[in-house]
Amino acid sequence: MKRIQRYLFQQVFRSVVIIVGGLTLLAILAQGLSQTDLIVENRQSALTFFYVVALGAPQVIALLTPLAIFVATIWSLNQLHRDNEIVVAGAAGMTRWQIASPIIRLAVLAALVHLAVNLWVQPTAQRLLRETVKDARADLASSLVRPGQFTSAGEDLTVFARESRGGDLIGVLISDNREDARDYLAQRGRFVEVDGAPSIVMWEGQIHQTDANGALSILNFDQSTFDLTPFLTDAGAVVLKASDRYLHELVNIDRTNYQELQDEEKFIAEANSRLTTPLVSIAMALIAIMAVLGGDFNRRGYSRRITYATVGAMLLVIVQLAVQSASAGSVAVNVAQWIVPLGAILAISLIFFNWRTGKQKRIMGARR
């Protein structure tokens, strides 16, 4: 690239980074608010919370990249126009294509990065996200005991501890409401694992149990172990959604799995979406280029053309999302996922180059 083209590339690239970064931070903040129950209800550490929020970033970045390319291109080209830098570049002999080529290269680069995120980064992050959230919600030791509060694990278990001190629970009450209902009261307790099973070991306490005749029996103990395994919710293996799968898993489903057969159309739609959404970045860049460079020079600016381009860009995004949604119910509609971005790229390219070629012909004809 020429020096002026490198300058244009850097200007737009800087704007893309700023816009993607800013919008991503806002989106991550909004997503983080929906995950606060990990700390409030499941008593996970702040590190776990930020880890979960960070794992959602790739999907957010992939969604925002086309919009960022459009906004950055519009803003940068319009700013360069206001500073007369585009006029100077044209006066120096640069064609509109040469001015636009750095932006198109950046859009292609963004599309390749977007494709890499769609194919590898996003599925990996989504899997880790689901595993982390599953483990956090299944952490019975963290969610069961809150000093000074009665907490329940289902309908059959209630636990109370007066306070927590140095890893020990002080003033423990466990109410086991299963068929042989009994209550445990202990001076001290602690969460432990016995042969891999979560348990509470209690010291210096009593077991209260009422028999069928209503008589209360009390058993004193120096040490007793209460097994928590029956109260664990077995969530089983994490079920991978379409957004969690790699491309080859979306295309080659397990024909012996009934659920995967039921979701086959969704998987095919997701596979096509992963491959086609990066093309939207190129189409958005061309729309922005067309808004500023696709017409006659105007000293007053291009606010009208920018408005039309913004409406066109929003329509493109809306149509693409609508087609993706419709594809989940019909395999044939997946063809439209390719037609929409490729058709936009082809149509805008033809208009841009035909306008330029037609203007040159009119100028040559006037000179003759």
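Rules behind the numbers
Residues numbered from 1 in each chain as written. Predicted model: local features only at pLDDT ≥ 70, side-chain atom pairs only at ≥ 80, totals over all residues. Heavy atoms only, no water. Helix = DSSP H or I, 4+ residues; strand = E, 2+ residues; numbered from the N terminus. Buried < 20%, exposed > 50% of the residue type's maximum accessible area, 1.4 Å probe, protein only. Areas by Shrake-Rupley, 256 points an atom, 1.4 Å probe, with all protein chains shown as cover. Pairing = 2+ DSSP bridges. Patch = residues over 30% accessible without salt bridge, like charges linked within 9 Å, V, L, I, M, F, W, Y side chains within 5 Å. Salt bridge = Lys/Arg side-chain N within 4 Å of Asp/Glu carboxyl O. pLDDT = per-residue confidence, 0-100. Contact = heavy atoms within 4.5 Å. Axes fitted to C-alpha atoms, helices over the stretch in contact; angles between N-to-C directions. Core = buried A, V, L, I, M, F, W, Y, C linked by side-chain atoms within 4.5 Å. Polar contact = N/O pair within 3.5 Å; in protein donor to acceptor, adjacent residues only side chain to side chain. 1 Å grid on protein atoms, 1.4 Å probe; cavity = no way out; pocket = protein on both sides within 12 Å on 5 of 7 lines; lining within 4 Å. Points joined across faces, edges and corners; volume = space filled by probe spheres on them. Nonpolar A, V, L, I, M, F, W, Y, C, P; charged D, E, K, R; others polar.

**Q** Kindly report on the overall build of the protein, identifying the contributing residues and their values.
**A** For the protein, the count of helices and strands is 12 helices and six strands. Looking at the 368 residues of the protein, the share that counts as buried comes to 41%. A total accessible area of about 20500 Å² is found for the protein, and carbon and sulfur atoms account for 59% of it.

**Q** Which residues make up the pairing of strand 6 (residues 216–227), and what values do they have?
**A** Inspection of the sheet shows strand 5 (residues 197–210) paired to strand 6 by 11 bridges, in the antiparallel sense. When the sheet's bridge partners are listed, Met202 is paired in strand 6 with Ser224. What sits between the antiparallel neighbours strand 5 and strand 6 is a turn of five residues, in which Gly214 has the positive phi angle 85 degrees.

**Q** Could you give me a rundown of a nonpolar patch on the surface, with the residues and numbers involved?
**A** A cluster of nonpolar residues, Val311, Met314, Leu315 and Ile318, forms a patch on the protein surface that exposes about 380 Å² of accessible area. Relative to the elements of secondary structure, Ile318 occurs in helix 11 (residues 303–327).

**Q** Tell me what's going on with the confidence of the model for the protein, and back it up with residues and numbers.
**A** Looking at the protein, pLDDT values average 81 and 83% of them are 70 or higher. Contacts from residues 360–368, a stretch scored under 50 in pLDDT, to residues over four places away or in other chains number zero contacts.

**Q** Please set out the sheet that holds strand 6 residue by residue, giving values where relevant.
**A** Read from one edge to the other, the open sheet built from six strands follows the order 1-2-3-4-5-6, with strand pairing classed as antiparallel. The outermost strands of the open sheet, each flanked by one partner alone, are strand 1 (150–152) and strand 6. Within this sheet the neighbouring strands show an average axis-to-axis angle of 30 degrees, counted without direction. Note that strand 2 (residues 157–165) and strand 3 (residues 168–176) share eight bridges and pair antiparallel. For Phe160, the partnering residue across the bridge sits in strand 3 and is Leu173.

**Q** If you had to explain the nonpolar core to someone new, which residues and values would you point to?
**A** One finds Phe70, Ile289, Leu293 and Leu316 to be the most contacted residues of the largest nonpolar core, which totals 47 residues. Only helix 1 (3–33), helix 4 (57–82), helix 5 (85–91), helix 6 (96–137), helix 10 (264–293), helix 11 and helix 12 (334–367) provide two or more residues apiece to this core. It is helix 10 that provides the largest number of residues to this core, a total of 12 residues. Setting aside residues up to four positions removed in sequence, Ile289 forms contacts with Thr73, Leu77, Ala100, Ile103, Ile104, Gly294 and Phe352. With 16 residues, the next largest nonpolar core counts Leu169, Val172, Ile200 and Phe221 among its residues.

**Q** Tell me about the side chain of Thr277, residues and numbers included.
**A** Mapped onto the elements, Thr277 comes out in helix 10. Take Thr277: its relative accessible area is 15%, and that puts it in the buried class. A distance of 3.0 Å separates the side chain of Thr277 from the side chain of Asn118, its partner in a polar contact. In this structure Thr277 touches His114, Asn118 and Gln324, once residues within four positions along its chain are discounted.

**Q** Outline the layout of surface pockets, supporting the account with residue identities and numerical values.
**A** Taken as a whole, the largest pocket encloses approximately 660 Å³ of empty space. For the largest pocket, the lining is made up of 25 residues, of which Leu63, Ser273, Thr277, Leu321 and Gln324 are closest to its centre. Sorting the residues of the lining of the largest pocket by element identifies helix 4, helix 6, helix 10 and helix 11 as the ones contributing at least two each. It is helix 10 that contributes the most residues to the lining of the largest pocket, eight residues altogether. Per-class residue counts for the lining of the largest pocket are 12 nonpolar, 10 polar and three charged.

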